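What the coordinates show
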Amino acid sequence: MRGQKSVAVDEENPYWMSFSDVMSGLLVIFILASVILILQLMELQEQAEQERERLQEQVVEVEEEISMLRKAEEVRRSILTEAAEILQKRGIQVEVSENSTVLRIPNQLLGFDTGADKIGRQYQETAYEIGEVLHHLISKDDRSEYLDTVFVEGHTDNRPFYGKLCGAKGNWCLSTFRAISLWQFWEQALPEREKLGELKNGESKTLFSVSGYAETRPVVENQKTESDFSKNRRIDIRFTIRRPSSADYERVRAKVDLPQ
């Protein structure tokens, strides 16, 4: 009788045993889900920290490249400003362009006659001092590392020229020959340790080059007087600095996720 009564009670309450098992199972599942969630959150946090560090490194690199470009512009400005100041103290009045990229040597310092490409003998000492100062300032503190090219540019007035020197090539030939004339004078007159042709840019390539622009870049647009013509017969020393290449730009763009 006693045994039969115990079995009857258990059979009458199967629900409570099943509910207990279910709750235990749910608790285990909840604990496992919590652990997985915590692990995922920790992984996401670690990834976010790594991404933050990567972005910070990229920002630093971009800022360094911008700083280098600013430094190059500062070096160019310093060379031109110091050259003008030093030469002015020696009584040689050169000009610096408004954007601080060109050192202008007026014709009265070199004495190019109409249709002539040779530096007057009485002007050679002045030409020598200009070359000497340029070499000193460019080679100072490794400034050439920030430069790309220094152009010795020849210019003419707007009067047509068809002399024996250039024939049909006219002012294009004359302007180029004037630049070549000054360059050759520097190469012949300056001592070995001050040769401008020995200067290299940041890529270890020859720094100086020569070009001619004929009458296409006048200082005085409306040329009427002999003074106007003379101002346009000049030599410009144009400084270009090292700038990022297209590959450099693409690399920076990729770092900061700029749009195409």
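Please refer to the structure higher up on the page.
Notes on the structure follow. Note on numbering: residues in each chain are counted from 1, in written sequence order. Residues qualify for local features only when their pLDDT is at least 70, as the model is predicted, and side-chain atom pairs are given and counted only at 80 or more; totals for whole chains, interfaces and linings, by contrast, use all residues. For the side-chain quantities, the full set of heavy atoms in the structure was used; hydrogens and water were omitted.

To get an axis, fit a line to the C-alpha atoms, keeping to the stretch in contact for a helix; angles then go from 0 to 180 degrees between the N-to-C directions. Put simply, DSSP marks the helices as runs of H or I at least four residues long and the strands as runs of E at least two long, and each gets a number from the N terminus on. Packing of helix H4 (residues 124-139) against helix H5 (residues 170-189) brings their axes to within 10 Å, and their N-to-C directions diverge by 75 degrees. When the interaxial angle is binned, H4 and H5 end up roughly perpendicular. Within the contact between the two elements, H4 uses Gln 124, Ala 127, Tyr 128, Ile 130, Gly 131 and Leu 134 and H5 uses Leu 182, Phe 185, Trp 186 and Ala 189. Its residues assigned to classes, the contact of H4 with H5 shows 8 nonpolar, 2 polar and no charged. Oblique is the label for any angle not under 35 degrees, not over 145, and not in the 65 to 115 range, which are roughly parallel, roughly antiparallel and roughly perpendicular in turn. In what follows, residue pairs with any heavy atoms lying within 4.5 Å of each other are defined as contacts. Residues are sorted three ways: Asp, Glu, Lys and Arg are charged, Ala, Val, Leu, Ile, Met, Phe, Trp, Tyr, Cys and Pro are nonpolar, and all the rest, Gly among them, are polar.

Side chains of residues three or four places apart in an α-helix project in the same direction, reflecting 3.6 residues per turn. In this model, H4 (16 residues) spans 23 Å end to end at C-alpha, consistent with the 22 Å of a helix rising 1.5 Å per residue. Buried residues are those whose accessible area, probed at 1.4 Å on protein chains only, stays under 20% of the maximum for their type, while exposed residues exceed 50% and partly exposed ones sit between those limits. The complete set of buried residues in H4 reads Thr 126, Ala 127, Glu 129, Ile 130, Gly 131, Val 133, Leu 134, His 135, Leu 137 and Ile 138. Within two residues after H4, Asp 141 carries a phi angle of roughly 55 degrees, on the positive side. Given the number of residues in a helix, its expected span is that number minus one, multiplied by 1.5 Å.

Let us now look at the packing of aromatic side chains. Working definition: rings of Phe, Tyr and Trp (its six-membered ring) pair if their centres are within 6.5 Å, and the pair is stacked with planes under 30 degrees apart, edge-to-face with planes over 60 apart, and tilted otherwise. For the coordinates displayed, the defined rule picks out 1 aromatic pair. Aromatic pair Trp 183 and Phe 208: ring centres 5.4 Å apart, planes at 25 degrees, arrangement stacked. Placement of Trp 183 in helix H5 and of Phe 208 in strand E4 (residues 208-212) is noted, with a sequence separation of 25 residues between them. Accessibility classification places Trp 183 together with Phe 208 in one group, the buried group. Criterion for a charge above a ring: Lys NZ or Arg CZ within 6 Å of the ring centre, and within 35 degrees of the ring normal. The aromatic ring of Phe 229 is capped on one face by Arg 159, whose charged end is 3.8 Å from the ring centroid.

Here we take up H5. Its 20 residues give H5 an end-to-end C-alpha distance of 28 Å, which sits within 8% of 28 Å, the value for a rise of 1.5 Å per residue. Inspection of H5 places Gly 170, Asn 171, Cys 173, Leu 174, Ser 175, Arg 178, Ala 179, Ser 181, Leu 182, Trp 183, Phe 185 and Trp 186 among the buried residues, and these make up the whole buried set. Considering only its buried residues, H5 is in contact with strand E2 (102-105), helix H3 (107-110), H4, strand E3 (147-154), E4 and strand E5 (235-241).

Along the polypeptide, Asn 201 turns up in the loop between H5 and E4. Given a relative accessible area of 5%, Asn 201 falls into the buried group. Pairs of N or O atoms are called polar contacts if they sit within 3.5 Å, as long as, within protein, a hydrogen donor faces a hydrogen acceptor (for residues adjacent in sequence, only side-chain-to-side-chain pairs). Reaching out from Asn 201, the side chain makes a polar contact with the backbone nitrogen of Glu 203 at a distance of 2.9 Å. Residue contacts for Asn 201: discarding those within four places in its chain leaves Ser 144, Leu 147, Asp 148 and Leu 207.

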